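# Examination of the molecular architecture
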Amino acid sequence: MTDADALAAWLLARRAGRPVEECGATAIFAAICGRAVTAEIQSRRVRQPTAREQRLMQAFRAPAVYERRGILHAGPGMPVAETTAVLLPSRLPGNAGDLLGITGAGAAPPAASEVPLGRALRGFGVRREPLEARLTPGASDAAGEEQVIYSAARLWLGGPIALVTERVYRRFLTAFPGPWPGSPR
């Protein structure tokens, strides 16, 4: 089993009852590299949800969602994963919206946040439901950096609050080869 196979399996593993800070992608990436993972948010916007997003988030009357795209890093010059999060601002718990730079209406305030989603949701009991994890041979980002895994998940707190995707970089797995502490491998 390769490190990419092992990480895809870890991202896909269902951990009933465990909060996102223990088994979410940000937590898994931090466990692999042994340090805090940071976010570089490249775009944020309010938009209409697609029919698929409405169905997956059980939000058929949601007028808008908040989309956040960025790259997670394990230190300077070490990209972990390109990420996208589609959130329902009205369902975010406590001050998570403030930590993410989202107002209650879903608009982004002038001072945007670089806090990773998993860190903003820490302590609220949010759960991760893996939807998909697969190897992506030949995939790369817009700059040509190789990506080896695509994963998707739904985040829950009573009901769905977000859809997230991660596209993991080969460079990260090369820099931090397995086996990793806490992995199911």
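Just above, that's the structure.
Think of each chain on its own: its residues are numbered from 1, step by step along the sequence as written. In view of the model being predicted, local features appear only for residues whose pLDDT reaches at least 70, and side-chain atom pairs are presented and counted only at 80 or more, with totals across whole chains, interfaces and linings using the full set of residues. Water and hydrogen atoms play no part in the side-chain values, which are based on all heavy atoms of the structure.

### Considerations on helix H3 (residues 25–33)
Helical periodicity: at 3.6 residues per turn, an α-helix aligns residues three or four positions apart in one direction. Cut-off, in case you're wondering: Only protein chains enter the accessibility calculation, which uses a 1.4 Å probe; a residue is then buried when its area is under 20% of its type maximum, exposed when over 50%, and partly exposed in between. Runs of H or I in DSSP of at least four residues are treated as helices and runs of E of at least two as strands, each being numbered from the N terminus.
With 7 of 9 residues buried, H3 lies mostly within the body of the structure. Residue Gly-34 follows H3 closely and has a positive phi angle near 70 degrees.

### Observations regarding the sheet that holds strand S5 (residues 146–157)
Where we set the bar: Between any two strands, pairing holds if DSSP finds at least two bridges. All axes are obtained by fitting lines to C-alpha atoms, using only the stretch in contact for helices, and the reported angles, taken between N-to-C directions, cover 0 to 180 degrees. Every residue pair with non-hydrogen atoms within 4.5 Å of one another is taken to be in contact.
As summarised here, the arrangement of the 6 strands in space is S1-S2-S3-S6-S5-S4, forming an open sheet in which the pairing is antiparallel. What marks the edges here is a single partner per strand, and that holds for strand S1 (38–47) and strand S4 (127–140). On average, each strand axis in the sheet is inclined to that of its neighbour by 15 degrees, with strand direction left out of account. The pairing of S1 with strand S2 (residues 65–73) spans 9 bridges and is classified as antiparallel. Residue pairing across strands places Ala-39 opposite Leu-72, the latter belonging to S2. Each of S4, S5 and strand S6 (159–169) touches helix H1 (residues 3–12); the most contacted strand, S4, lies at about 155 degrees to it.

### A word on the environment of Asn-95
Locating Asn-95 in the fold gives a position in the loop between strand S3 (79–87) and helix H5 (96–100). Look at Asn-95 and you get partly exposed, because its relative accessible area is 39%. Distance in space between the C-alpha atoms of Asn-95 and Ala-120 is 8.2 Å, their sequence separation being 25 residues.

### What about H1?
Across the 10 residues that make up H1, a large majority, 7, are buried. Among all positions of H1, only Asp-3, Ala-4, Ala-6, Leu-7, Ala-8, Trp-10 and Leu-11 are buried.

### Looking at the pattern of salt bridges
Pairs can form between side chains of opposite charge whenever their charged atoms are close. We count it as follows: Salt bridges, as used here, are contacts in which a Lys or Arg side-chain nitrogen is within 4 Å of a carboxyl oxygen on Asp or Glu.
The full count for this structure, using the stated rule, is 10 salt bridges. Linking Glu-67 and Arg-45 is a salt bridge whose minimum nitrogen-to-oxygen distance equals 3.0 Å. In this pair, Glu-67 is assigned in strand S2 and Arg-45 in strand S1, connecting sequence segments 22 residues apart. A relative accessible area of 4% places Glu-67 in the buried class. On the basis of relative accessibility, which here comes to 43%, the residue Arg-45 falls in the partly exposed class. Two residues, Glu-82 and Arg-167, come together in a salt bridge whose shortest N-O distance is 3.5 Å. Residue Glu-82 is located in strand S3, and its partner Arg-167 is located in strand S6; the two are separated by 85 residues in the primary sequence. We classify Arg-167 as buried; its relative accessible area is 16%. A single salt-bridge network, built from bridges that share partners, covers Arg-45, Arg-47, Glu-53, Glu-67 and Arg-69.

### Comments concerning the pairing of S2
Among the 9 residues of S2, 8 are classified as buried, and the element is accordingly described as predominantly covered. Two strands pair when backbone bridges link them, and S2 and S3 are joined in this way by 8 bridges, in the antiparallel orientation. By the bridge assignment, Arg-69 is partnered in S3 with Thr-84. Counting the residues that bridge the hairpin from S2 to S3 gives 5 residues, and of these Gly-75 lies at a positive phi of roughly 100 degrees.

### Some details on the nonpolar core
Using the following cut-off: In this text, buried Ala, Val, Leu, Ile, Met, Phe, Trp, Tyr and Cys residues form a nonpolar core when linked through side-chain atoms within 4.5 Å.
Grouped together as the largest cluster of nonpolar side chains are 27 residues, with contacts concentrated most on Leu-7, Phe-29, Ile-149, Val-168, Phe-172 and Leu-173. The set of elements that each furnish at least two residues to this core consists of H1, H3, S1, S3, S5 and helix H7 (170–175). Excluding its chain neighbours within four sequence positions, the residues that come into contact with Phe-172 are Phe-29, Ile-32, Cys-33, Ala-74, Met-78, Pro-79 and Val-80. Of all hydrophobic cores here, the second largest spans 17 residues; its members include Leu-87, Leu-117, Leu-121 and Ile-161.

### Here we look at unusual backbone geometry
Between Gly-178 and Pro-179 the backbone carries a cis peptide bond, its omega angle lying at 0 degrees. The backbone phi angle of Gln-58 is positive, close to 50 degrees, even though this residue is not glycine. Here Gln-58 is to be found in the loop between helix H4 (51–56) and S2. When its relative accessible area of 44% is taken as the criterion, Gln-58 is described as partly exposed.

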